[in-house]
Amino acid sequence: MPKARRKGRNNEERDRLRAALANPAPPGGIGPRVVEIPRQLLAVNPSDFCCSRLAMQLADEWVEYVAATAITTHAKAYHLAITRLCKYVDKELGPAAATASLTDPNLLDLLVKWELSLPESYAPSSTYPGILAGAVRVLIIRRDDHSDRPVAADLARLARGPALLGSGEKTERDEFKRKEKQALVRAAWQSVHATRKRLEEGWALAEQGRHPDHGSWTSIPDLLWGLAHEQITPKDIHLVVPAPRDWPAELQTFTTGPSAAFVSQVARRKLARRLFASLYPHHLDLHAFRILLMDATGHASEEVTGFGEADVEFLPKGVRLTLLKNRAEHRRHRAFRDQSAPEDPAPDEDADGHLTVDWPRREASEVVRQLLDLTARVRAKAPQVTDTLFVSATVRNNFTAVFDEWRPVSKSSFKSWLDATGVEIKGDPHIGRMRKSVKVEKAIVSEGRISAAADDHTEETFATHYAQGTTLRILSGRTIATAQQHWFDKALDRVDGPTVISGTTDDVDQAVLEDAGLSAREAEDIMAGQLDMGVSHCKNPYQSPYSRPGELCAVAPLRCLECRNAWILPSNLPQLLLFQGHLERLRTVLTPQAFERLWGQSWVNLRAVLEDRTPEERDQARKHIEAGQAVLDLPLAANTEFDA
């Protein structure tokens, strides 16, 4: 097909799609609904495919679906799905693709193969295969819902049936690091100040000029005066300004900047854009305001760029904004109070040692005031835009001046702003990470309370999208570790068992006990036998953890092996062996579960104490028992409570 003819068909197709979107068939018979879609999404031309009939059917459903649902950027998924499917059909069927249609049941196998082939073009666990397959299914189902649009029954059942592909795994973006976020906010304020200074100087220079016909078409003040007073247009710059080779050095430097090379072929276009940028904010300027508003309010990008002048109410100490979240269809009225400025605010210092005072850093009211001021002239020239303060002026390639809503494109993206301001960040340069950074700060300030951090969405949304950040994971780990250590320490303080003094009887004296942690009075009483409780000595029987303070311990000697007040000396070994025999008899009476519950800790501690003694010491203790020199006095309940 000749290029001219093909280009004409593309233009006709775009006009048809724009007309369909401008006045779509309203759902439910409710008045017309105008939906605007980015221009690049309207470049659908079914004639580009051999299966033009199939492409037209899917494209028609896509146009109506976009118009009815008002989706914008997500519409590109449907555009990509149609393109991928049609290219696959062309490749598989060849010339026979011309007869492919949604009414043909033979298309079923081909559609299944196409779905199953999608993961081959993407990384493992990618979400795109499932999204593209689902997009085609939605369009087929939509067409089948209309009685006057036939669809093969097999295709309809496939579209309404279970998915052949999984949804994949979505990788959540991490928040900006604290230093990165501080650098972003600092650079944003510097950008705002630079924009204000540039516009003030531009309008001041325009006041010094006059009409270029009476002055000069190579004079910067005269050209600015003509554009500012609407006496000339960018097209006049294209047609009337002399050839770039005849420009004075001042005009050449103004056009390209001090370091860039001067190129005659694009000089007029660059001149027109530089003149406009001296009078009105351009696309890159507005990134700074979006960053500052997201930092000050904590709301999403679509919310802080989606309120107009009528949605702003200044308060004595703050501002109230009406914010609309399109995805949730939720309108909020939020008041943002000004922070109390410190008595002696400290300036920030960058890596080079330069001081930059960027207060008020987080006052939403100040950001909104400056945004209103800097965009006032553009909004006056774009009265059709009332739902946002983010408006800009630009000059297109055909030298047409455009005053419209802010739509950053590739050359004015967030990444371009980062490069222009010299801010370096690691990872994906996406503005959504700014929102996550603010969410992390809220979670930290609220000490991890999800209800406080999830103040503009559900707690499930916070747990899914915002609680996965590196900072919160580290803080969660520290919190868990701290809690574990806290309860571990409490457990050690509560159940630490008796203190065991090793060695022979002759080796233990009062000095040894005092070195082990007893006071002189306590060591003296133990050595005198005044604190002997049967199987051990007690540091203070009136401060038992099992009885009220001041009362004599009521569980000795049965629980001495579990008490931190107990002190076991080598002389207690015969009684410990007798107590071991008592517990062994109980093991034959009680069930294992009951014995573990009642005597498990005592049994473990007793075995540990006895295993620490040498065989010779245990044999000597048994000789004392056989000679009747050692007895174990137990309360009556120890022998009768298990009778049944």
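Residues numbered from 1 in each chain as written. Predicted model: local features only at pLDDT ≥ 70, side-chain atom pairs only at ≥ 80, totals over all residues. Heavy atoms only, no water.

Asker: Give me the sheet that holds strand β9 (residues 537-538): which residues, what numbers.
Answerer: Two modes of strand pairing occur in sheets, parallel and antiparallel, and in both the strands are linked by backbone hydrogen bonds. On the basis of which strands lie adjacent, the open sheet formed by three strands has the order β8-β10-β9 and mixed pairing. Strands with a single pairing partner mark the edges of an open sheet, and in this sheet they are β8 (499-500) and β9. Sheet analysis places β8 next to strand β10 (residues 566-568), joined by two bridges and oriented parallel. Bridge pairing in β10 places T499 opposite W567. (Pairing = 2+ DSSP bridges. Helix = DSSP H or I, 4+ residues; strand = E, 2+ residues; numbered from the N terminus.)

Asker: Can you tell me about the packing of helix α5 (residues 128-144) against helix α6 (residues 153-160), naming the residues and giving the values?
Answerer: Remark: α5 packs on α6, axes separated minimally by 9 Å, with the N-to-C direction vectors making an angle of 125 degrees. Put simply, α5 runs oblique to α6. Regarding α5 and α6, the two cross each other, and that crossing is left-handed. Along the contact surface, α5 presents R137, I140, I141 and D144, while α6 presents L155, A156, L158, A159 and R160. Across the contact of α5 with α6, the residue classes tally to six nonpolar, no polar and three charged. (Axes fitted to C-alpha atoms, helices over the stretch in contact; angles between N-to-C directions. Parallel < 35°, antiparallel > 145°, perpendicular 65-115°, else oblique. Left-handed = near helix turned anticlockwise from the far one by under 90°. Contact = heavy atoms within 4.5 Å. Nonpolar A, V, L, I, M, F, W, Y, C, P; charged D, E, K, R; others polar.)

Asker: Tell me what's going on with the sheet that holds strand β1 (residues 312-315), and back it up with residues and numbers.
Answerer: In space, the three strands of this open sheet follow the order β1-β2-β3, with antiparallel pairing throughout. Lying at the two open borders of the sheet, with one neighbouring strand each, are β1 and β3 (330-337). The average undirected angle you get between the axes of adjacent strands in this sheet is 20 degrees. In this structure, β1 lies alongside strand β2 (residues 318-325), joined through four bridges in antiparallel fashion. Residue pairing across strands places F314 opposite V319, the latter belonging to β2. Most of the contacts of helix α14 (residues 364-374) go to β1, to which it runs at about 130 degrees, and overall it touches β1, β2 and β3.

Asker: Quick rundown of the packing of aromatic side chains? Include the residues and the values.
Answerer: Inspection of every chain in the model, using the stated rule, returns ten aromatic pairs. With a centroid separation of 6.2 Å and an interplanar angle of 75 degrees, the aromatic rings of F595 and W603 are classed as edge-to-face. W603 matches F595 in its accessibility class, with the two residues each being buried. Above the face of the F254 ring, R274 is positioned so that its terminal group lies 5.1 Å from the ring centre. The ring of W599 carries the charged tip of R559 above its face, separated from the ring centre by 4.4 Å. (Phe/Tyr/Trp six-rings, centres within 6.5 Å; stacked < 30°, edge-to-face > 60°. Buried < 20%, exposed > 50% of the residue type's maximum accessible area, 1.4 Å probe, protein only. Lys NZ or Arg CZ within 6 Å of the ring centre and 35° of its normal.)

Asker: So what's going on with the nonpolar core? Which residues, and what values?
Answerer: Residues L184 and W417 are the most contacted members of the largest nonpolar core, which totals 39 residues. At the level of secondary structure, the elements contributing two or more residues to this core comprise α7 (178-206), α12 (285-297), β2, α14 and α16 (414-421). Looking at which element gives the most residues to this core, the answer is α12, with eight residues. Not counting residues up to four positions away in its chain, the partners in contact with L184 are F176, I291, F414, W417, L418, V423 and M434. Among the nonpolar cores identified, the runner-up in size contains 38 residues, and V63, L102, W114 and V151 belong to it. (Core = buried A, V, L, I, M, F, W, Y, C linked by side-chain atoms within 4.5 Å.)

Asker: Can you break down α5 residue by residue, with the values?
Answerer: Here α5 is 17 residues long and its end C-alpha atoms lie 24 Å apart, about the 24 Å a rise of 1.5 Å per residue gives. Along α5, the positions that sit buried rather than exposed are P129, L132, A133, A135, V136, R137, L139, I140 and R143. Among the structural elements, α2 (52-69), α3 (75-93), α4 (107-117) and α6 are those in contact with the buried residues of α5. (Expected span 1.5 Å × (residues − 1).)

Asker: Quick one: what's the story with the pattern of salt bridges, residue by residue and with numbers?
Answerer: Tallied over the full model, the rule gives 23 salt bridges. Between E562 and R559 there is a salt bridge; the shortest N-O distance is 3.2 Å. Look at the salt bridges and you will find they share partners, linking E61, E64, R142, R143 and R149 into a network. (Salt bridge = Lys/Arg side-chain N within 4 Å of Asp/Glu carboxyl O.)

Asker: Hey, could you go over unusual backbone geometry for me, with residue numbers and the actual values?
Answerer: Residue P557 is bonded to the preceding A556 through a cis peptide linkage, with omega at 0 degrees. Take P557: it is sitting in the loop between β9 and β10. Backbone geometry at E230 places phi at a positive 55 degrees, although glycine is not the residue there.

Asker: Before we move on, can you summarise the confidence of the model for the chain with the specific residues and values?
Answerer: On average, residues of the chain score 80 in pLDDT, and 78% of them reach the 70 mark or higher. Predicted confidence for residues 1-43 stays below pLDDT 50, and this span has 49 contacts to residues more than four positions away or in other chains. In the predicted structure, residues 345-360 sits below a pLDDT of 50 and forms 20 contacts with residues beyond four places in sequence or in another chain. (pLDDT = per-residue confidence, 0-100.)

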